[in-house]
Amino acid sequence: MRRAILVPVMATLGLMAGCAPTSRADGETASRTERGCFLAPSLQNFRANDTTLYVRSSRSEVFEVRVAGYCQDLSSANAVSVTPFGGGGVNVCVGDTVNVVISGLSTGGRNTGPCRGEVQRRLTEAEVAALAPRLRP
């Protein structure tokens, strides 16, 4: 009888531990706000080259998304969709893995991908200003 109760309790504790926040090297917990987040469906603009996508959020913040490997026609895309890898919501933060789906003239208007990427960082206004004009969203 004790074993029947103990097994589910231990399983629940194990699941809860897996959801615990990760810590930085200095021991502080990084909150999602500090990391920088955006709502994937509310992107305002984007620019890209073959390996990097810069997206502007609805709050006028610019994020760098680095695609893994080759993402066909990323630099000539007319439209981009960024979604969390594996689903599970619309909030995307720095450090998250994402799916990038593109469409454009070279794809005949069809979606290609998804390409896998990772949100690298939120850019400061100075970093956005320093981007080449063709990469500035």
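Note that the structure is a prediction, hence the values are computed from the model and not measured.

1. Digging into the side chain of Asn99
Reasoning step 1: Here Asn99 lies in strand E7 (residues 97–104).
Reasoning step 2: For Asn99, a relative accessible area of 14% corresponds to the buried category.

2. Looking at the pairing of strand E3 (residues 52–56)
Reasoning step 1: Counting buried residues along E3, 4 of its 5 residues qualify, which places the element largely inside the surrounding structure.
Reasoning step 2: Note: strand E2 (residues 45–48) against E3, 4 bridges, orientation antiparallel. Within the sheet, the bridge partner assigned to Asn45 lies in E3 and is Arg56.
Reasoning step 3: Connecting the antiparallel pair E2 and E3 is a turn made up of 3 residues.
Reasoning step 4: Across 5 bridges, E3 lies against strand E4 (residues 62–67) in antiparallel orientation.

3. Describing the state of the cysteines
Reasoning step 1: Counted by the stated rule, this structure contains 2 disulfides.
Reasoning step 2: A disulfide bridge connects Cys37 with Cys93, and the sulfur atoms are separated by 1.9 Å. In this structure, the disulfide formed by Cys37 and Cys93 twists by about 95° around the S-S bond and is classed as right-handed. In this pair, Cys37 sits in strand E1 (residues 37–39) while Cys93 sits in strand E6 (residues 91–93), placing the two residues 56 residues apart along the sequence. With respect to class, Cys37 is no different from Cys93; both count as buried.
Reasoning step 3: Regarding the disulfides, the protein carries the connectivity 1-3, 2-4 under sequence-order numbering of its bonded cysteines.

4. Let's talk about the packing of aromatic side chains
The geometry of an aromatic ring pair comes down to the distance between the two centres and the angle between the two planes.
Reasoning step 1: Counted according to the given criterion, the structure contains 1 aromatic pair.
Reasoning step 2: Judged by centre distance (4.8 Å) and plane angle (45°), the ring pair of Phe38 and Phe63 falls under tilted. On the criterion of sequence distance, the pair formed by Phe38 in strand E1 and Phe63 in strand E4 is long-range, its members being 25 residues apart. Taken as a pair, Phe38 and Phe63 share a single burial class, namely buried.

5. Considerations on the pattern of salt bridges
Should their charged atoms come close, side chains of opposite charge can pair.
Reasoning step 1: Taken as a whole and judged by the stated rule, the model has 5 salt bridges.
Reasoning step 2: Of the charged contacts, one joins Arg59 and Glu61 as a salt bridge, the two residues approaching to 3.2 Å between their closest N and O atoms.
Reasoning step 3: The salt bridge involving Glu64 is made with Arg66; its shortest N-O contact spans 2.5 Å.
Reasoning step 4: A relative accessible area of 4% means that Glu64 is categorised as buried.
Reasoning step 5: Owing to a relative accessible area of 39%, Arg66 belongs among the partly exposed residues under this scheme.
Reasoning step 6: Shared partners join several salt bridges into a network, and the residues in it are Glu64, Arg66, Arg121 and Glu127.

6. Focus: the side chain of Asp96
Reasoning step 1: The residue Asp96 is located in the loop between E6 and E7 in this model.
Reasoning step 2: At 2.8 Å, the side chain of Asp96 forms a polar contact with the backbone nitrogen of Cys93.

7. Brief notes about the confidence of the model for the protein
Reasoning step 1: Residues with a pLDDT of 70 or more make up 68% of the protein, whose mean pLDDT is 77.
Reasoning step 2: The low-confidence segment residues 6–29, where pLDDT is below 50, has 8 contacts with residues more than four positions distant or belonging to other chains.

The rules we used
- Residues numbered from 1 in each chain as written.
- Predicted model: local features only at pLDDT ≥ 70, side-chain atom pairs only at ≥ 80, totals over all residues.
- Heavy atoms only, no water.
- Helix = DSSP H or I, 4+ residues; strand = E, 2+ residues; numbered from the N terminus.
- Buried < 20%, exposed > 50% of the residue type's maximum accessible area, 1.4 Å probe, protein only.
- Pairing = 2+ DSSP bridges.
- Disulfide = S-S within 2.5 Å.
- Phe/Tyr/Trp six-rings, centres within 6.5 Å; stacked < 30°, edge-to-face > 60°.
- Salt bridge = Lys/Arg side-chain N within 4 Å of Asp/Glu carboxyl O.
- Polar contact = N/O pair within 3.5 Å; in protein donor to acceptor, adjacent residues only side chain to side chain.
- pLDDT = per-residue confidence, 0-100.
- Contact = heavy atoms within 4.5 Å.

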